[in-house]
Amino acid sequence: MSIRTTVTLDDDVVERVKQVSRARGASFRQTLNEVIRAGLTATPTKKRVFKVRATNMGYRPELNYDKISALLEYAEGPWHK
């Protein structure tokens, strides 16, 4: 069963489908349907999990860990703002 519908495609998508259809020697419609089928049946790739590895940087008694502005000035210099 075929259904005729109107779809608005971006210019870059149209050009890419035209290129692929010319390379395959197939019609635009046939190529577009194959591309959509491939996209619908593709299995999503697993995303890599971003992990943060904590590092012990020691305790510095001269720093006031309750004042964020003092810590930023220590880490980035007096022009951190």
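Heads up: the structure comes first, above all this text.
Small disclaimer: the values here were computed from a predicted structure and weren't measured.

Reading the values: rules and limits
Residues numbered from 1 in each chain as written. Predicted model: local features only at pLDDT ≥ 70, side-chain atom pairs only at ≥ 80, totals over all residues. Heavy atoms only, no water. Helix = DSSP H or I, 4+ residues; strand = E, 2+ residues; numbered from the N terminus. Rg over C-alpha atoms; globule rule 2.2 N^0.38 Å. Buried < 20%, exposed > 50% of the residue type's maximum accessible area, 1.4 Å probe, protein only. Salt bridge = Lys/Arg side-chain N within 4 Å of Asp/Glu carboxyl O. Patch = residues over 30% accessible without salt bridge, like charges linked within 9 Å, V, L, I, M, F, W, Y side chains within 5 Å. Areas by Shrake-Rupley, 256 points an atom, 1.4 Å probe, with all protein chains shown as cover. Lys, Arg positive; Asp, Glu negative; His and termini not counted. Charge placed at Lys NZ, Arg CZ, Asp CG, Glu CD. Contact = heavy atoms within 4.5 Å. Phe/Tyr/Trp six-rings, centres within 6.5 Å; stacked < 30°, edge-to-face > 60°. Expected span 1.5 Å × (residues − 1). Arc of directions from axis to C-beta. Axes fitted to C-alpha atoms, helices over the stretch in contact; angles between N-to-C directions. Parallel < 35°, antiparallel > 145°, perpendicular 65-115°, else oblique. Nonpolar A, V, L, I, M, F, W, Y, C, P; charged D, E, K, R; others polar.

K.L.:
Where do I start with the overall build of the chain in this structure?
P.N.:
A count of helices and strands for the chain gives three helices and zero strands. Listed N to C, the secondary structure of the chain is α-α-α in terms of helices and strands. For a compact globule of 81 residues, the expected C-alpha radius of gyration is about 12 Å, and the chain comes in at 28 Å, more than 25% above that figure. Relative to its full complement of 81 residues, the chain shows a buried share of 10%.

K.L.:
Please explain the pattern of salt bridges as it appears in this structure.
P.N.:
Pairing is possible between side chains of opposite charge, provided their charged atoms come close. Taken as a whole, this structure holds two salt bridges when the rule is applied. E62 serves as the salt-bridge partner of R60, at 3.7 Å between the closest nitrogen and oxygen. Since its relative accessible area comes to 56%, E62 is described here as exposed.

K.L.:
When you look at a negative patch on the surface in this model, what are you seeing that I'm missing?
P.N.:
The grouping of D10, D11, D12 and E15 at the surface amounts to a negative patch. Within the secondary structure layout, D12 lies in helix 1 (residues 11–24).

K.L.:
Can you walk me through the side chain of T31 in this structure?
P.N.:
Examined against the element boundaries, T31 turns out to sit in helix 2 (residues 28–41). Residues in contact with T31, not counting those within four places in the same chain, are V17, V20, S21, R24 and A26.

K.L.:
What should I look at first to understand the packing of aromatic side chains in this one?
P.N.:
What describes a pair of aromatic rings is the distance from one ring centre to the other and the angle between the planes of the rings. Evaluation of the coordinates by the stated rule reveals one aromatic pair. Between the aromatic rings of Y59 and Y65, the centroid separation amounts to 5.4 Å while the plane-to-plane angle is 25°, which identifies the pairing as stacked. With relative accessibility at 62%, the residue Y59 sits in the exposed group.

K.L.:
Please clarify how helix 1 should be interpreted in this entry.
P.N.:
Residues separated by three or four positions in an α-helix point in the same direction, a consequence of the helix having 3.6 residues per turn. Under the 1.5 Å per step criterion, the end-to-end length of helix 1 is 20 Å for 14 residues, consistent within 8% with the ideal 20 Å. What helix 1 keeps buried is the set V14, V17, V20 and S21. Summarising the axial view, the buried residues of helix 1 lie within an arc of 130°, below the 170-degree limit, and thus occupy one face. Facing away from the buried side of helix 1 by more than 90 degrees, the exposed set consists of D11, D12, R16, R22 and A23. Each element contacted by the buried residues of helix 1 is listed here: helix 2. Of the residues trailing helix 1, G25 is marked for its positive phi of about 70°.

K.L.:
I'm lost on the packing of helix 1 against helix 2 in this one. Help?
P.N.:
To characterise two packed helices, one gives the angle between the axes of the helices and the distance between these axes. Their axes nearest at 9 Å, the elements helix 1 and helix 2 cross at an angle of 110°. The angle between helix 1 and helix 2 places the two elements in the roughly perpendicular class. Facing V14, V17, K18, V20, S21 and R24 of helix 1, the residues of helix 2 in contact are F28, T31, L32 and E34. Among the residues forming the contact of helix 1 with helix 2, the class breakdown is five nonpolar, two polar and three charged.

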